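Spelled out from the first residue to the last, the chains are:
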Amino acid sequence: MIWQKFCVALLHWEFIYVITAFNLAYPITPWKFKLSCMPSNTTYDFLFPPGISKNTSNLNGHYEAVVETKLNSSGTYLSNLSSRTTFHCCFWSEEDKNCSVYEDDIEGKAFVATVNSLVFQQTGANWNIQCWMKEDLKLFICYIESLFKNPFKNYDLKVHLLYVLLDLLEESPLLPQKGSFQIVQCNCSVHECCECHVPVPTAKLNNTLLMYLKITSGGVIFHSPPMSAQPINVVKPDPPLGLRMEITDTGSLKISWSSPTLVPFQLQYQVKYSENSTKNMRKADEIVSATSLLVDSVLPGSSYDVKVRSKRLDGLGIWSDWSALLTFTTQDVIYFPPKILTTVGSNISFHCIYKNEKKIVSSKKIVWWLNLAEKIPQSQYDVVDDHISKVTFPNLNATKPRGKFTYDAVYCCNEQECHHRYAELYVIDVNINISCETDGYLTKMTCRWSPNAIQSLAGSNLQLRYHRSSLYCSDVPSIHPVSEPKDCHLQRDGFYECIFQPIFLLSGYTMWIRINHTLGSLDSPPACVIPDSVVKPLPPSSVKAEITVKIGLLKVSWEKPVFPENNLQFQIRYGLSGKQVQWKIFEVYDAKLKSASLPVPDLCAVYTVQVRCKRLDGLGYWSNWSTPAHTVVMDVKVPIRGPEFWRIISEDATKKERNVTLLWKPLMKNDSLCSVRRYVIEHRTSHSGTWSEDVGNHTRLTFRWTEQAHSVTVLAINSIGASSANFNLTFSRSISKVNVVQSLSAYPLNSSCVILSWMLSPSDYNLMYFILEWKILNEDSEIKWLRIPSSVKKYYVHDHFIPIEKYQFSLYPIFTEGVGKPKIINSFAQDDEKHQHDADLYVIVPIIISSSILLLGTLSVSHQRMKKLFWEDVPNPKNCSWAQGLNFQKEMLDTKECRVSQ
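Reading the values: the criteria
- Residues numbered from 1 in each chain as written.
- Predicted model: local features only at pLDDT ≥ 70, side-chain atom pairs only at ≥ 80, totals over all residues.
- Heavy atoms only, no water.
- Pairing = 2+ DSSP bridges.
- Helix = DSSP H or I, 4+ residues; strand = E, 2+ residues; numbered from the N terminus.
- Axes fitted to C-alpha atoms, helices over the stretch in contact; angles between N-to-C directions.
- Core = buried A, V, L, I, M, F, W, Y, C linked by side-chain atoms within 4.5 Å.
- Buried < 20%, exposed > 50% of the residue type's maximum accessible area, 1.4 Å probe, protein only.
- Contact = heavy atoms within 4.5 Å.
- Phe/Tyr/Trp six-rings, centres within 6.5 Å; stacked < 30°, edge-to-face > 60°.
- Lys NZ or Arg CZ within 6 Å of the ring centre and 35° of its normal.
- Lys, Arg positive; Asp, Glu negative; His and termini not counted.
- Salt bridge = Lys/Arg side-chain N within 4 Å of Asp/Glu carboxyl O.

**Q** I'd like a rundown of the sheet that holds strand β61 (residues 784-789), residues and numbers included.
**A** Ordered by their spatial adjacency, four strands build an open sheet running β61-β60-β63-β64, and the pairing between neighbours is antiparallel. On the outer flanks of this sheet lie β61 and β64 (823-825), each paired with one strand and no other. If you compare each strand with its neighbour and ignore which way they point, the axes differ by 15° on average. Of the pairings in the sheet, the one linking strand β60 (residues 767-776) to strand β63 (residues 807-815) comprises nine bridges and is antiparallel in character. Counterpart to Leu767 in the pairing with β63 is Phe815.

What follows is the structure, encoded as structure tokens:
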């Protein structure tokens, strides 16, 4: 047993000695190769290289090794072999069937002999081997398949692969020592197939991988000669993915595929396909570097079987496995292109090949229909060849969706017979408006666009693309070949919004909308935007509004925004405060102004004011309106006039006193501008002179009338001063007897209006106006009064008059010298019924006239309807021969028997 172990160790040392004696290992080929081993006592004929004798040794660059094996003593089936048997192992392939081995001559020197591999296949142990690098460039794989023949058996197979990665492709005559090899155990299946996996770092793909196999089978251990490979040269890609076939726009069959992963080199592809049609059958095998192949002369009703594999284009490499077989059958009617996506205004064409049962229809017999409802004129047809017909659509309009169909169906027909298959035409309006604005801080630009024009195109993907030029825009924007996409987000209002930040203010941003669809891509007309030209400034700040004192104008002031630095124009909008402000606009074009004064009709109202701005040269946008400012109601001028007033005179006969009570109405805002703090009464008499009496906010004052003449004036006082124009009233005992009003008559029109008329006699006094008083007679009721101009002779008094009551009307003439004698009546005029009747005529007569017109119109319409109903059965004598010459007014009852002859 000890001797046996010693022999085994000796064999291992001899193996190390032998492999270190050779400076070359077997290079792994891209195809399968074989490992064959045979006992040294087997009889075979040596094929010596030319010029080499049996007594010479030569290392001439052949790939060889002499491998010794040890005999497993437990193997009873190898009893015919001695306890120490030398096996000769070599690599060979179908391309090179010569196998080089080593022999020892009688002097112990080695020589090389070339033996035909057939000898090893018939008498030795054989394995099929193929090694490759996976496409992920992480794992090196060797696949080993046992091909044992007698005298060996196939059981108890174990395979180990020993390897070392050299730092470079060594040319030294000494190979690494055995201890530097790493070992991996190979996975073997029950079918005597093994797979060995060697991890390779990415950084060492170009290094040399040196290996040899240790195979245990039937108790015998075999050591292969060394073999080497550069992993990057034996990459085996994965089979191509996504194999598909389609008819192209030109009528060819396009076979296309994609590589499963990215590799650091270009691939070539081998395409095998076969065609089976009614006219011809063909097979083809082509090598291409692209991921597609075009097959011409495609006919309807043909079937194609295709498979593809790949391999490195330049340098060494291993073919991948074949992809799964794909079968494609063309339809009886071929449209190319089968679908077209285009834009409004473009011209497009469809081609068609029509097969009717087993015969292809002549292109001259093909007609075209649109949606099977509109025959396309023959002027739009073209005959391409005997079987291909072409139709052209010029200057297309946008497709109108029809229910769920968003395209027009184009039919190719055999004269009156149409196949159910059709081509699809999508025409899209791509005129999409892109609007951009730069914020007031000049830090970002926001662009918006609406997809409404292309929402009908299902499955489309919209993308804004842009190209930024270094400075400004070109005169005619165009789509640049180098562009970038921009993320846009859909807003609630249906618009997409894209934000550019940061921005270059003077650069030209050319942008367009790209419509991506499975049928192709469309681009909207490009638009170029310069951020500096689309600035929306910040709104003016510190906006103030006030009504100027004494001048009476609405003054608006503001502060200009910091950005942009361009000259700005301003807009002021103002209106009376309320829920719905009726705005008025005032323009300010002077960029230096920071305020403006505007005339307003009501100085005592509250105004709301806002300001916005825009570049003076017209570029960009108006800013948002500023925060609203409001005016405050305050006195801006002295009251325009004092209040109108009247008096009530009461006399006490016993005391011989006469008291005057002044009455006035509160002054309105438009007259007081804008409030009244108090009223002041100015008295003037001949004896007492002039004095004032402050009555505060009261609207009546009583004083004693003691002198022959007493003049009073009522002044309205606000925070600015006293009213500038005031009414004066003089009480004179002598003037109170002047009678100029000869007559006064009152005529009631209705319960809310009474007409008063009067006659005057000539007078030397200066008549200023009249004061009309009225009250209910015989009651201590409130006296009502109003001022009437002196030029008026008739006046309409509007009040609530009670018909059953009697009223007293008093008309006072007011002179510059004083109040004259009034004319007083205590009832309406005796002929009031006549006047009331005349007044009623103004209302009744228009009603009678309009009723008469309506009645005449009704009678006219009724007459026409009766005439049509009564005469509808009377025949036209021109169409009824026997009726000519008859008087149908006399024979009316017999007209129904007349039949109109055709």
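Read on for the rest.
**Q** Before we move on, can you summarise the nonpolar core with the specific residues and values?
**A** Residues Trp127, Phe140 and Leu161 are the most contacted members of the largest nonpolar core, which totals 68 residues. If one sorts the elements of this core by residue count, strand β7 (residues 125-134) sits on top with six residues. Contact partners of Leu161, with chain neighbours within four places excluded, come to Cys142, Gln182, Ile183, Val184, Cys186, Cys196, Val198, Met211, Tyr212 and Leu213. Ranked by size, the runner-up nonpolar core spans 26 residues in total, among them Tyr426, Ile434, Ile503 and Val534.

**Q** So what's going on with the packing of aromatic side chains? Which residues, and what values?
**A** For the structure on display, the rule yields 27 aromatic pairs. Aromatic pair Trp449 and Tyr496: ring centres 4.6 Å apart, planes at 15°, arrangement stacked. Remark: Tyr496 occurs in strand β40 (residues 496-500) and Trp449 occurs in strand β36 (residues 445-449); sequence separation between them is 47 residues. Ring-pair connections join several aromatic residues into one group, and the members of that group are Phe405, Tyr407, Tyr411, Tyr422 and Tyr426. The ring of Trp583 carries Arg573 above its face, with NZ or CZ at 4.3 Å from the centroid.

**Q** Please provide a residue-by-residue account of the environment of Ser258, values included.
**A** One can find Ser258 in strand β18 (residues 253-258). Exposure remark for Ser258: the relative accessible area of 32% places this residue in the partly exposed category. On a C-alpha basis, the gap between Ser258 and Pro239 in space is 9.4 Å, while along the polypeptide they are 19 residues apart. Ignoring sequence-local partners within four residues, the contact set of Ser258 consists of Pro240, Leu241 and Gly242.

**Q** Please give an account of the side chain of Asp439 that cites residues and values.
**A** In this fold, Asp439 is placed in the loop between β35 (434-438) and β36. As a buried residue without a salt bridge, Asp439 has its nearest oppositely charged side chain in Lys444, at a separation of 5.8 Å. When sequence neighbours within four positions are dropped, the list of residues in contact with Asp439 reads Lys444, Val535 and Lys536.

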